[in-house]
Amino acid sequence: KRDCMIEKYKVELDSKRHPFLVRERGYRYDNVKMDAPEKIVDMVNECFDLCNMAEEHVYMVALNSAAVVTGVFEVSHGVVNYALINPRELYLRAVISGAVGIVVIHNHPSGDIHPSKEDRAACMRIRDAGDIMGIALYDFIIIGHGCYLSFHEESMLSEKTVT
């Protein structure tokens, strides 16, 4: 462990309407390597209080080849039981931030971490787009109240179809 800065970014357009990163804020955090789902969960809860949000929020954590965070992005803010997730928006940010892999993490305000059919479908679309882009989807995580579900840990990232 060592002290590091977790950088939260947003994407804006320049004068030619090309996207570029804008640093929103830095968060001091005491673990630089995000190589396990619980580390990602702890980071987003500590830095962004994701487990206590009243609406669904979707974050994307961009990682380099050493599992070090290259950027964190809030990619969607929805309603109490739904938030849109678009692979294009995720991978645009992943490419700009130099990621080799990403983790998508969102909360369920109800506290129920069981994935919906929509969660499963979104995960598979993101995974398939990442396969084409050459940027791995390392995990798709759902946070509840004091608990989480990791698609990686549950071997759900290798599913072929939505169940």
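Source: prediction; values computed, not measured.

It is not clear to me how the packing of helix 2 (residues 87–96) against helix 3 (residues 117–133) should be interpreted in this structure. Could you clarify?
The packing of two helices is summarised by the inter-axis angle and the distance between the axes. Between helix 2 and helix 3, whose axes approach to 10 Å, the crossing angle comes to 40°. Taken as axis vectors, helix 2 and helix 3 run oblique relative to one another. Note that helix 2 runs across helix 3; the crossing there is right-handed. Together, Pro 87, Leu 90, Tyr 91 and Val 95 of helix 2 and Arg 125, Ile 126, Ala 129, Gly 130 and Met 133 of helix 3 make up the contact between the two elements.

Is there a simple way to explain a nonpolar patch on the surface in this structure?
A grouping of Val 79, Tyr 82 and Leu 84 is seen on the molecular surface, where their side chains present a nonpolar patch of about 310 Å² in accessible area. The topology assignment puts Tyr 82 in the loop between strand 4 (69–77) and helix 2. Residue class for Tyr 82 comes out partly exposed when judged on its relative accessible area of 42%.

Just to check I follow, could you spell out unusual backbone geometry for this structure?
Excluding glycine, most residues fall at negative phi; most peptide bonds, likewise, are trans. Even without glycine at this site, Arg 17 takes up a positive phi of about 70°. Backbone geometry at Ala 67 places phi at a positive 65°, although glycine is not the residue there. By the element assignment, Ala 67 lies in the loop between strand 3 (57–63) and strand 4. Ala 67 sits in the buried class, given a relative accessible area of 13%.

Looking at this model, I keep getting lost on the state of the cysteines. Mind explaining?
A covalent bond between the sulfur atoms of two cysteines is what we call a disulfide. As enumerated under the stated definition, the model contains 0 disulfides in all. Take Cys 51: it sits in no disulfide, and the sulfur closest to it among the cysteines is that of Cys 147, at 9.8 Å. In this structure Cys 147 comes out as partly exposed when scored by relative accessible area, which is 30%.

How should I be thinking about the nonpolar core in this particular structure?
The nonpolar side chains of a soluble globular protein tend to be buried, and buried together. In terms of nonpolar packing, the biggest core is built from 26 residues, with Leu 90, Tyr 91, Ile 102, Val 104, Ile 126, Leu 137 and Phe 151 touching the most fellow members. Where this core is concerned, the elements lending two or more residues are strand 3, helix 2, strand 5 (101–107), helix 3 and strand 6 (136–143). In contact with Tyr 91, not counting residues within four places along its chain, are Ile 102, Ile 126, Ala 129, Gly 130, Met 133, Ile 135 and Leu 137. Of all hydrophobic cores here, the second largest spans 21 residues; its members include Ile 40, Cys 51, Val 72 and Ile 141.

Looking at this structure, I do not really get the side chain of Arg 127. What am I missing?
Following the sequence through the fold, Arg 127 ends up in helix 3. Relative accessible area serves as the criterion here: at 13%, Arg 127 is assigned to the buried category. In this structure the side chain of Arg 127 is engaged in a polar contact, spanning 2.7 Å, whose partner is the backbone oxygen of Leu 157. Once residues within four sequence positions are removed from consideration, Arg 127 is found in contact with Leu 137, Leu 157, Ser 158 and Glu 159.

Would you mind showing me how to read the pattern of salt bridges here?
Pairing is possible between side chains of opposite charge, provided their charged atoms come close. Counted by the stated rule, this structure contains 8 salt bridges. Between Lys 8 and Glu 74 there is a salt bridge, with the nearest N and O atoms lying 3.8 Å from each other. Taken together, the residues Lys 8 in strand 1 (residues 4–13) and Glu 74 in strand 4 connect sequence positions 66 residues apart. Look at Lys 8 and you get buried, because its relative accessible area is 10%. By relative accessible area, which is 30% here, Glu 74 ends up partly exposed. Because the salt bridges share partners, they merge into one network encompassing Lys 8, Glu 24 and Glu 74.

What should I look at first to understand the packing of aromatic side chains in this one?
Note on aromatic pairs: each is described by the distance of the centres and the angle between the planes. Tallied over the full model, the rule gives 3 aromatic pairs. When the centroid spacing of 4.9 Å and the interplanar angle of 20° are considered together, the rings of Phe 48 and Tyr 59 count as stacked. In this pair, Phe 48 sits in helix 1 (residues 37–48) while Tyr 59 sits in strand 3, placing the two residues 11 residues apart along the sequence. With a relative accessible area of 6%, Phe 48 lands in the buried category.

Rules used in this analysis
- Residues numbered from 1 in each chain as written.
- Predicted model: local features only at pLDDT ≥ 70, side-chain atom pairs only at ≥ 80, totals over all residues.
- Heavy atoms only, no water.
- Axes fitted to C-alpha atoms, helices over the stretch in contact; angles between N-to-C directions.
- Helix = DSSP H or I, 4+ residues; strand = E, 2+ residues; numbered from the N terminus.
- Parallel < 35°, antiparallel > 145°, perpendicular 65-115°, else oblique.
- Left-handed = near helix turned anticlockwise from the far one by under 90°.
- Contact = heavy atoms within 4.5 Å.
- Patch = residues over 30% accessible without salt bridge, like charges linked within 9 Å, V, L, I, M, F, W, Y side chains within 5 Å.
- Areas by Shrake-Rupley, 256 points an atom, 1.4 Å probe, with all protein chains shown as cover.
- Salt bridge = Lys/Arg side-chain N within 4 Å of Asp/Glu carboxyl O.
- Buried < 20%, exposed > 50% of the residue type's maximum accessible area, 1.4 Å probe, protein only.
- Disulfide = S-S within 2.5 Å.
- Core = buried A, V, L, I, M, F, W, Y, C linked by side-chain atoms within 4.5 Å.
- Polar contact = N/O pair within 3.5 Å; in protein donor to acceptor, adjacent residues only side chain to side chain.
- Phe/Tyr/Trp six-rings, centres within 6.5 Å; stacked < 30°, edge-to-face > 60°.

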